[in-house]
Amino acid sequence: MSADGHTIRHGGIIAAGTGSRLSAAGIALPKPLVPVAGRPLLRHVLDNFRAASIDMISIILNENSGACVDWLDGNAGDIDIDLIVKTTPSSIASFRIIADRLAGTRAVISTVDAWIPDCGFKRFVEATAEMPADALGLAVTDRVDDEKPLWVDLDPASGRVRALGEGTGSHVTAGLYALPLALTFPNATAFSRLRDYLRWVIESGRPVYGILVPNVVDVDRVADMAAAERLAALETNTP
């Protein structure tokens, strides 16, 4: 149950990117269908939502994702999917579309390339449920392998995010977000990047909390696929 007495049942997946670095490395599949540990990235995220008992999911894909649409038709019949097929100019544009679809609910949004073991994902959802109804939650990790990490400075006592930026901090963001019941956007064009919007939320004094996810890989490169495979092997071999 969430802090306001409601079970979190709604989720969102941002999968509208082009996967340019993977395609440049010779991977012809759309990014959501790139396999890691025997599962496409999109299946991995959907399985994480399943494990957390979240079964109403809004998904945004770009307009060149016909293969992903077909894959969903054959592999997600147990989930109530709200599908948006739209090419967006930025991560914040995709995030806002999904957030608008989920407005008025406690919900969790994941990027499709955030490879997180399902136990870590489920713990994030459980921690999210304890946050105040007006708080935004950010998955954070001390495992840093991103080319351009977004650093987070956490209050060690409360877990509240004090600052966010490209410099230094105690943790980095991990591509997983917990929405409050209402999320404010100043206007449609105020920010060119999701990180700029998140910084604005924090600096505006709204409550934002970091929730630790120890193991996560942002799968943007072939080397990231290998790192996620290693994490998957560790998870499989852990009693």
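Since we're looking at a predicted model, the values are computed, not measured.

### Some thoughts on the packing of aromatic side chains
Line of reasoning, step 1. Using the criterion set out here, one finds seven aromatic pairs in the structure.
Line of reasoning, step 2. On the basis of an interplanar angle of 75° and a centroid distance of 5.0 Å, the ring pair of Phe 49 and Phe 121 is categorised as edge-to-face. Remark: Phe 121 occurs in helix 5 (residues 118-128) and Phe 49 occurs in helix 2 (residues 41-51); sequence separation between them is 72 residues. The two residues Phe 49 and Phe 121 agree in class, both being buried.
Line of reasoning, step 3. An aromatic cluster of three or more residues is present, and its members are Phe 95, Tyr 177, Phe 185, Phe 191, Tyr 197 and Trp 200.

### Considering the packing of helix 2 against helix 3 (residues 66-75)
The relative placement of two packed helices comes down to the angle between their axes together with the axis-to-axis distance.
Line of reasoning, step 1. Taken N-terminus to C-terminus, the directions of helix 2 and helix 3 make an angle of 40°; their axes are 12 Å apart at the nearest point. When the axes of helix 2 and helix 3 are compared, the pair comes out oblique. As for how helix 2 packs across helix 3, the hand of that crossing is right-handed. Contacts between helix 2 and helix 3 involve Leu 42, Arg 43, Leu 46 and Arg 50 from the former and Trp 71, Leu 72 and Asn 75 from the latter.
Line of reasoning, step 2. Partitioned by chemical class, the residues of the contact of helix 2 with helix 3 number four nonpolar, one polar and two charged.

### Here we look at the environment of Ala 182
Line of reasoning, step 1. Summarising the element assignment, Ala 182 is placed in the loop between strand 11 (171-179) and helix 6 (194-203).
Line of reasoning, step 2. C-alpha of Ala 182 to C-alpha of Gly 12: the two residues are 170 residues apart in sequence and 15 Å apart in space.

### So, unusual backbone geometry
Most peptide bonds take the trans configuration, and most residues that are not glycine carry a negative phi.
Line of reasoning, step 1. With phi around 55°, Ala 37 is a residue other than glycine that occupies positive phi space.
Line of reasoning, step 2. One non-glycine residue, Ser 53, lies in positive phi territory at about 60°.
Line of reasoning, step 3. Residue position: Ser 53 is located in the loop between helix 2 and strand 4 (56-61).

### Considering the environment of Ala 15
Line of reasoning, step 1. Following the sequence through the fold, Ala 15 ends up in strand 1 (residues 10-15).
Line of reasoning, step 2. The exposure class of Ala 15 is buried, given its relative accessible area of 3%.
Line of reasoning, step 3. When the C-alpha positions of Ala 15 and Ser 94 are compared, they lie 8.5 Å apart, and in sequence the two are 79 residues distant.
Line of reasoning, step 4. Beyond its immediate sequence surroundings of up to four residues, Ala 15 is in contact with Pro 32, Ile 60, Leu 61, Asn 62 and Val 112.

### Describing the pattern of salt bridges
Line of reasoning, step 1. Tallying each qualifying case throughout the model produces 13 salt bridges.
Line of reasoning, step 2. Asp 55 is the salt-bridge partner of Arg 9, the closest N and O atoms lying 2.8 Å from each other. Taken as a pair, Arg 9 in the segment before strand 1 and Asp 55 in the loop between helix 2 and strand 4 lie far apart in primary sequence, 46 residues in all.
Line of reasoning, step 3. For the salt bridge of Asp 47 with Arg 50, the shortest nitrogen-to-oxygen distance reads 2.7 Å. Residue Asp 47 and its partner Arg 50 are both found in helix 2; the two are separated by three residues, about one turn of the helix.

### Considerations on the side chain of His 44
Line of reasoning, step 1. Tracing the chain through its elements places His 44 in helix 2.
Line of reasoning, step 2. The exposure class of His 44 is buried, given its relative accessible area of 1%.
Line of reasoning, step 3. When sequence neighbours within four positions are dropped, the list of residues in contact with His 44 reads Arg 39, Trp 115, Ile 116 and Pro 117.

### Some details on the nonpolar core
Line of reasoning, step 1. The biggest cluster of nonpolar side chains holds 48 residues, and the ones touching the most others in it are Ile 13, Leu 46, Val 108, Trp 115 and Phe 124.
Line of reasoning, step 2. Counting 30 residues, the second-largest nonpolar core is a separate cluster that includes Ile 92, Leu 138, Tyr 177 and Tyr 197.

### Topic: the layout of surface pockets
Line of reasoning, step 1. Counted as a void, the largest pocket has a volume near 1200 Å³.
Line of reasoning, step 2. As for the largest pocket, its lining consists of 41 residues, and the residues nearest its centre are Arg 21, Ser 91, Asp 113, Asp 218 and Asp 220.
Line of reasoning, step 3. Secondary-structure elements contributing two or more residues to the lining of the largest pocket are strand 1, helix 1 (20-24), helix 4 (91-101), strand 11, helix 6 and strand 13 (217-218).
Line of reasoning, step 4. A per-element tally of the lining of the largest pocket places strand 11 first, with five residues.

Conventions adopted
- Residues numbered from 1 in each chain as written.
- Predicted model: local features only at pLDDT ≥ 70, side-chain atom pairs only at ≥ 80, totals over all residues.
- Heavy atoms only, no water.
- Phe/Tyr/Trp six-rings, centres within 6.5 Å; stacked < 30°, edge-to-face > 60°.
- Helix = DSSP H or I, 4+ residues; strand = E, 2+ residues; numbered from the N terminus.
- Buried < 20%, exposed > 50% of the residue type's maximum accessible area, 1.4 Å probe, protein only.
- Axes fitted to C-alpha atoms, helices over the stretch in contact; angles between N-to-C directions.
- Parallel < 35°, antiparallel > 145°, perpendicular 65-115°, else oblique.
- Left-handed = near helix turned anticlockwise from the far one by under 90°.
- Contact = heavy atoms within 4.5 Å.
- Nonpolar A, V, L, I, M, F, W, Y, C, P; charged D, E, K, R; others polar.
- Salt bridge = Lys/Arg side-chain N within 4 Å of Asp/Glu carboxyl O.
- Core = buried A, V, L, I, M, F, W, Y, C linked by side-chain atoms within 4.5 Å.
- 1 Å grid on protein atoms, 1.4 Å probe; cavity = no way out; pocket = protein on both sides within 12 Å on 5 of 7 lines; lining within 4 Å.
- Points joined across faces, edges and corners; volume = space filled by probe spheres on them.

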